[in-house]
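Observations on the model geometry
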Amino acid sequence: MTKARVFSGVQPTGHLHIGNYLGAIQNFVRLQHEYDCIFCVVDLHAVTVYQEPAELRRKIREIAALFIACGIDPNVATLMVQSSVSGHAELGWLLTCVTPLGWLERMTQYKDKSAKQETIGAGLLQYPVLMAADILLYQSKIVPVGDDQSQHLELTRDIAQSFNSRYGDTFTVPATKLPTHGARVMGLDDPEKKMSKSATGTSHAIGLLDDLAQAKKKIMRATTDSNPAVDFETMGPGVRNLLGIYQAFSGASNEQMQNEFAGLRYGDLKKKVAEQVAQSLEPIQARYREVTTGNLDDLLRQGANRIRPVAEATVRLTKDRMGLYT
Ligand code: ATP
Ligand code: LTN
């Protein structure tokens, strides 16, 4: 029996942090043996805001190397860069033409990102249609992402269903796969805000490649609340976030969390979280240093070559359904 397809993408912007790992990449690693997985560095999404060209190229390789360092086996899953398969952009256009503008204007990520910019590129509005194209291009069934992407996944399903009902069955309607713990890791300095690559605070995020002593210090400085010790009934968002990070990295059950942390003073809670994070990041950083750039380019090219025929078949089918010239 053929395995169901999984697709997900990560943008080559900024440094990957533990939110990206716990929200998405940890699930990539878990799913790779059970499904036919494609993990993609989505560089076409990155250029919806200006990227310095040489830096962008460096970042693309950094993300691909981190995928491998986190445990994705390029002999098992397909690793690729979005812009090396032209079907992403092509299907993106075809789907743009069946997407009402109002659906895109409602997207909260668009509203947040456009509010921060003086001039807004049209690509920022179209961004979720390109994401839908990424997913639908490979007839993906499952899309592992963090919770911030749930709205974009709903839109993807709406676009697929609306195309299917207008032109006949064409696309698989995909399901969102969130992790049980770590679906929304919050900023250490401000637990009301999602941990983000683009935030500027020095103690906001823990990068996967952060110096481990620095990473521990950031956790020791994390915002908590005015209680002295962990109380599962009354804890605020900062404490909940630290416990969530611990549970997502360690895989501890709710009962184990209760036993280990109930009544623990915040200083000791932070020490345990800091140790757990350092212990989990250490092997990732060691593997990252072993991944070589030369091989990486070959792997990414092979990944794209292997999967391109699937993309071409979907674009051909879509064009055919729409009455375009194939
Ligand atoms: P930014 O962190 O700047 O908002 P992004 O979310 O746009 O970046 P990506 O690198 O493309 O960036 O995200 C990769 C994956 O990481 C996505 O599946 C996303 O849902 C997930 N993710 C991002 N931030 C978090 C977070 N704080 N907690 C859990 N998952 C996250
Ligand atoms: N929009 C996502 C990145 C992304 C993606 C995708 C995720 C682009 N295409 C396809 C899953 C499937 C983000 O900003 N995190």
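Computed from a prediction, not measured in an experiment: that's the story for all the values here. (Residues numbered from 1 in each chain as written. Chains lettered and ligands numbered in written order. Predicted model: local features only at pLDDT ≥ 70, side-chain atom pairs only at ≥ 80, totals over all residues. Heavy atoms only, no water.)

**A closer look at the site of ligand 1**
Near ligand 1 there are 21 residues, and of these Gly-146, Asp-148, Val-185, Met-195 and Lys-197 occur at the shortest range. Contact distances for ligand 1 include 3.3 Å between an oxygen atom and a side-chain N or O atom of His-17. The contact in question runs from a nitrogen atom of ligand 1 to an N or O atom on the backbone of Val-185, over 2.8 Å. Burial of ligand 1 by the surrounding chains reaches 95%, relative to a free accessible area of 600 Å². A breakdown of the residues in the shell around ligand 1 according to their chemical character gives 6 nonpolar, 10 polar and 5 charged. (Near = heavy atom within 4 Å. Polar contact = N/O pair within 3.5 Å; in protein donor to acceptor, adjacent residues only side chain to side chain. Areas by Shrake-Rupley, 256 points an atom, 1.4 Å probe, with all protein chains shown as cover. Nonpolar A, V, L, I, M, F, W, Y, C, P; charged D, E, K, R; others polar.)

**Considerations on the domain arrangement of the chain**
Per the domain assignment, the segments making up the chain are domain 1 (5–178 + 295–322) and domain 2 (212–289). With centres defined by C-alpha atoms, the gap from domain 1 to domain 2 works out at 31 Å. For the pair domain 1 and domain 2, the two sides together bury roughly 800 Å², of which 76% comes from carbon and sulfur. Joining domain 1 to domain 2, the criterion identifies 0 salt bridges. Run the count over domain 1 and domain 2 and you get 2 residue pairs in polar contact (both at pLDDT 80 or more). For the side of domain 1 that touches domain 2, the elements supplying multiple residues, two or more each, are α1 (18–31) and α3 (53–70). For the side of domain 1 that touches domain 2, the leading source of residues is α3, giving 6 residues. Looking at the side of domain 1 that touches domain 2 residue by residue, the classes come out as 8 nonpolar, 2 polar and 1 charged. (Domains from an automatic or database assignment. Buried area = accessible area lost by both parts, 1.4 Å probe. Salt bridge = Lys/Arg side-chain N within 4 Å of Asp/Glu carboxyl O. Helix = DSSP H or I, 4+ residues; strand = E, 2+ residues; numbered from the N terminus.)

**Quick notes on the packing of α3 against helix α12 (residues 266–290)**
Put simply, α3 and α12 touch, their axes get as near as 8 Å, and they point 125° apart. One way to sum up the angle between α3 and α12 is to call them oblique. In this structure, the crossing between α3 and α12 has a hand that is right-handed. Residues Glu-62, Ala-65, Leu-66, Ile-68, Ala-69 and Cys-70 of α3 form the contact with α12, whose participating residues are Ile-284, Arg-287 and Tyr-288. By residue class, the composition of the contact of α3 with α12 is 7 nonpolar, no polar and 2 charged. (Axes fitted to C-alpha atoms, helices over the stretch in contact; angles between N-to-C directions. Parallel < 35°, antiparallel > 145°, perpendicular 65-115°, else oblique. Left-handed = near helix turned anticlockwise from the far one by under 90°. Contact = heavy atoms within 4.5 Å.)

**Overview of unusual backbone geometry**
One non-glycine residue, Gln-139, adopts positive backbone phi at about 50°. Structurally, the position occupied by Gln-139 is in the loop between α7 (122–137) and β4 (142–144). By relative accessible area, which is 22% here, Gln-139 ends up partly exposed. (Buried < 20%, exposed > 50% of the residue type's maximum accessible area, 1.4 Å probe, protein only.)

**So, the site of ligand 2**
Near ligand 2, the surroundings consist of 13 residues, among which Gln-11, Tyr-127, Met-131, Asp-134 and Gln-149 are the closest. With respect to ligand 2, the side chain of Asp-134 contributes an N or O atom lying 2.7 Å from a nitrogen atom. In this structure, Gln-149 approaches ligand 2 through a side-chain N or O atom, which is 3.1 Å from a nitrogen atom. For ligand 2, whose accessible area on its own is 370 Å², the fraction buried by protein is 91%. Ranked by residue count, the leading element in the shell around ligand 2 is α7, at 4 residues.

**Things to note about the nonpolar core**
A general feature of soluble globular proteins is that nonpolar side chains tend to end up buried together. With 62 residues, the main nonpolar core has Phe-39, Phe-67, Ile-245, Leu-269 and Leu-281 as its most contacted residues. Residue assignment places this core across two domains, with domain 1 (5–178 + 295–322) and domain 2 (212–289) each supplying three or more. Ignoring sequence-local partners within four residues, the contact set of Ile-245 consists of Ile-18, Leu-22, Val-185, Leu-188, Val-273 and Val-277. Ile-38, Leu-91, Ala-160 and Phe-171 belong to the second largest nonpolar core, which has 35 residues in total. (Core = buried A, V, L, I, M, F, W, Y, C linked by side-chain atoms within 4.5 Å.)

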